[in-house]
Amino acid sequence: MIGLVLTIAISFPPTYIDNAGSDKDISSIMGFSGFGKKARTFDLDAIFEQTRRTAIERSRQVLVESGSDDSDSDSDSEPRIGPLLPPGPTAGGEEVDVGPPLPPGYGKSTADDDDEDEEMQDEDDENPVKRIPDTHEITLQHGTKTVSALGLDPSGARLVTGSYDFSIRFWDFAGMDAALQAFRSLQPCECHQIKSLQYSNTGDVILVVAGNSQAKVLDRDGFQVMECIKGDQYIVDMANTKGHTAMLNGGCWHPKIKEEFLTCSNDGTVRTWDLSSEKKHKDVFKPRSLQGKRVTPTCCTYSRDGKLIAAGCQDGTIQIWDRNLSVHTKFHCRQAHANGSDTSCLTFSYDGTILASRGGDDTLKTWDIRNFKKPLNVATGLTNFFPMTDCCFSPDDKLLVTGTSARRDEGSGKLVFFDRQTLQVVYEVEVASASVVRCLWHPKLNQIMVGTGNGLAKVYYDPVRSHRGAKLCVVKSNRKEKHAEALTQDYIITPHALPMFREARQRSTRKQLEKDRLDPVKSHKPEPPVSGPGRGGRVAAHGGTLSSYIVKNIALDKTDDSNPREAILRHAKDASENPYWVAPITHCLKISFGELHPHWARL
């Protein structure tokens, strides 16, 4: 309304509106009635007052109809405009339901139960033990020997297992059914035990570390991409060789650079490699003892940011280098574990401040990188028989997991969960009647993979808290086995033969088998063995076949052929009486020998 008034006021000058009388005189003199339609004028104060009274009357009418009395507000002085407020609590203290009625079976108690469930769920989320996915498990049969290596790609789609039987098996969770069969098996390093397997951070290649001196890189399907070069074992300084000269102990990929990986060997070196250069290593790190002598690294790893390289050695030391400075160590602890024991695993926490070490002296220790002189906490009594026993952090970085070893028929291996801060045991899972060697907790799937000493790979998961992975294959039924189709007859392919001599090509063996089934001759049921006397030309006495009958008659023949002269003369009388076969031979002999000697001619 205000905009309309302003438009009218601007469109017509005030002089035109005020001098309405002079306009009439001018129009009468010039002979026309006017200059067009006149602008309308509005009394804004009157319009606002009318609108105010109308709103007050309507509000009073609504209040009367609803039957509510508002004693606190004065309608004459401060009228209420707009919709009514929702009613408050009644005098009895009960709340009045507002909105549509609740569905059947749902009441306030159900809503309260939901609130309680949400509170319990929040409490479970705060307790890290409740998030351990151990309610369900599947078992993958790799073989009969120790599963010494496990690798899972970053997306959690494929699992690869390695064993002491020199083989590697590939498992595809999305492609497997309930039979849980691997889709590929190979031996990339011939007769060498598999030590370590790990997918790159992009998941396109796999690092294979075996008992030989040359690490290999395979693609997702198991085909070789790269093989590291072997060094010269007759050179004293290992920094001057192009590769390792002794058995490998471990290896891993760089967490940030997808082409770089790390290996350690019994030749006393830790080497970095580039995927694009297989003829020479990239850098060499040489662990040294307190006296400056060479020591053997048994495990190695990168930090989470890839800036540090850590190695555990046989003399019980843990040595850490800056990745760009390979001469001197940045951190080292000389008595981290017992001297002479193989430190089987080193791993960094997700925040990069804590290092966990699994020792061959049956201990598990945590270290603060910022104060590397002594361990934060120590857990003892964890039996370890294998040089590659794992330890790993949970995805939320609150728990630390490792496995224990057990002798055959003397107990079972366990998966032990520790609190990261105190290293106290908070949970245990009894895996199998064998040692637990490898363990892997995937952060995306929230599933735990375990390799055991009896050739099994177990996958633990929770149907609610876990995602994909093992959940994809357990819901599938076993595929129906397809019987191998065999050709009923040999088929000779002659592409250059004339059409009249060319055989019709068999398009499908299944159709041919169906035709043969209808043929009474080809689909004749084999006759069962004959029992009792023979019939129909079949011999049944002392055997159901002809060969058995012949063998029986040969065994019953008692003729003695030890004297050949007597055996021949036994048939002399028959030959003289019936010389049908002997006469032609005798005649030929007379003719032949008669030419040589006259005595034979007179015979």
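Residues numbered from 1 in each chain as written. Predicted model: local features only at pLDDT ≥ 70, side-chain atom pairs only at ≥ 80, totals over all residues. Heavy atoms only, no water.

A. Broad picture of the overall build of the chain. Within the chain, the secondary structure is distributed over 12 helices and 28 strands. Sorting the 603 residues of the chain into buried and exposed places 35% on the buried side. Sequence-distant contacts, at least 24 apart, represent 47% of the contacts inside the chain between residues at least 6 apart. Of the roughly 37700 Å² of accessible surface on the chain, a fraction of 54% belongs to carbon and sulfur atoms. (Helix = DSSP H or I, 4+ residues; strand = E, 2+ residues; numbered from the N terminus. Buried < 20%, exposed > 50% of the residue type's maximum accessible area, 1.4 Å probe, protein only. Contact = heavy atoms within 4.5 Å. Areas by Shrake-Rupley, 256 points an atom, 1.4 Å probe, with all protein chains shown as cover.)

B. Looking closely at the environment of Arg 288. By the secondary structure assignment, Arg 288 is in the loop between strand S13 (283-285) and strand S14 (297-302). Judged by relative accessible area, Arg 288 falls into the partly exposed class, the value being 28%. It is 8.8 Å that separates the C-alpha atoms of Arg 288 and Gln 319, two residues lying 31 residues apart in sequence. Once you skip the residues sitting within four places of it in the chain, Arg 288 turns out to touch Lys 293, Arg 294, Val 295, Gln 319 and Arg 334.

C. Up close: the pattern of salt bridges. This model, assessed by the stated rule, comprises 18 salt bridges. One salt bridge connects Arg 184 with Asp 221, and the closest N-O pair in it is separated by 3.9 Å. Within this pair, whereas Arg 184 is found in strand S5 (residues 184-186), its partner Asp 221 is found in the loop between strand S8 (216-219) and strand S9 (224-227), the two being separated by 37 residues in sequence. In this structure Arg 184 comes out as partly exposed when scored by relative accessible area, which is 30%. The class of Asp 221 is partly exposed, set by a relative accessible area of 31%. Salt bridges sharing common partners tie together Arg 158, Asp 172, Arg 184 and Asp 221. (Salt bridge = Lys/Arg side-chain N within 4 Å of Asp/Glu carboxyl O.)

D. Structural view of the UniProt feature "repeat: WD" (unreviewed entry) in the chain. The positions UniProt marks with the feature "repeat: WD" (unreviewed entry) are residues 140-172, 241-283, 290-322 and 336-371. Between the end C-alpha atoms of residues 140-172 the distance is 11 Å, and the span holds 0% helix and 58% strand. Taken end to end, residues 290-322 has its terminal C-alpha atoms 19 Å apart, with 0% of it in helix and 52% in strand. (UniProt positions renumbered as here; feature names shortened; annotations may be inferred.)

E. The arrangement of the sheet that holds strand S17 (residues 331-333) in detail. Across the sheet, 4 strands lie side by side as S14-S15-S16-S17; this open sheet has antiparallel pairing. This sheet does not close on itself; its edge strands, each paired only once, are S14 and S17. Neighbour to neighbour, the strand axes of the sheet diverge by 15 degrees on average, direction disregarded. (Pairing = 2+ DSSP bridges. Axes fitted to C-alpha atoms, helices over the stretch in contact; angles between N-to-C directions.)

F. Broad picture of the nonpolar core. In this structure, Ile 138, Leu 140, Leu 159, Phe 173, Met 176 and Met 449 are the most contacted members of the largest nonpolar core, which totals 17 residues. Where this core is concerned, the elements lending two or more residues are strand S1 (136-141), strand S2 (147-152), strand S28 (456-461) and helix H6 (470-474). Each residue touching Leu 159, except ones within four places of it in the same chain, is listed here: Leu 140, Leu 150, Gly 151, Leu 152, Arg 169, Phe 170, Trp 171, Phe 173 and Met 449. One finds Ile 132, Val 401, Phe 417 and Tyr 460 within the second-largest nonpolar core, a separate group that totals 15 residues. (Core = buried A, V, L, I, M, F, W, Y, C linked by side-chain atoms within 4.5 Å.)

G. Spatial organisation of the packing of aromatic side chains. Counted by the stated rule, this structure contains 8 aromatic pairs. For the pair Phe 170 and Phe 183, a centre-to-centre distance of 6.0 Å together with 50 degrees between the ring planes defines the contact as tilted. One end of the pair, Phe 170, is in strand S4 (residues 168-172); the other, Phe 183, is in the loop between S4 and S5, and 13 residues separate them in sequence. Ring geometry for Trp 253 and Phe 261: centres 5.3 Å apart, planes at 65 degrees, overall edge-to-face. Each member of the pair Trp 253 and Phe 261 is classed as buried. Among the aromatic residues, those joined into a ring-pair cluster are Trp 253, Phe 261 and Trp 273. Here the guanidinium or amino end of Arg 304 rests over the ring plane of Tyr 350, the centre of that ring lying 4.2 Å away. (Phe/Tyr/Trp six-rings, centres within 6.5 Å; stacked < 30°, edge-to-face > 60°. Lys NZ or Arg CZ within 6 Å of the ring centre and 35° of its normal.)

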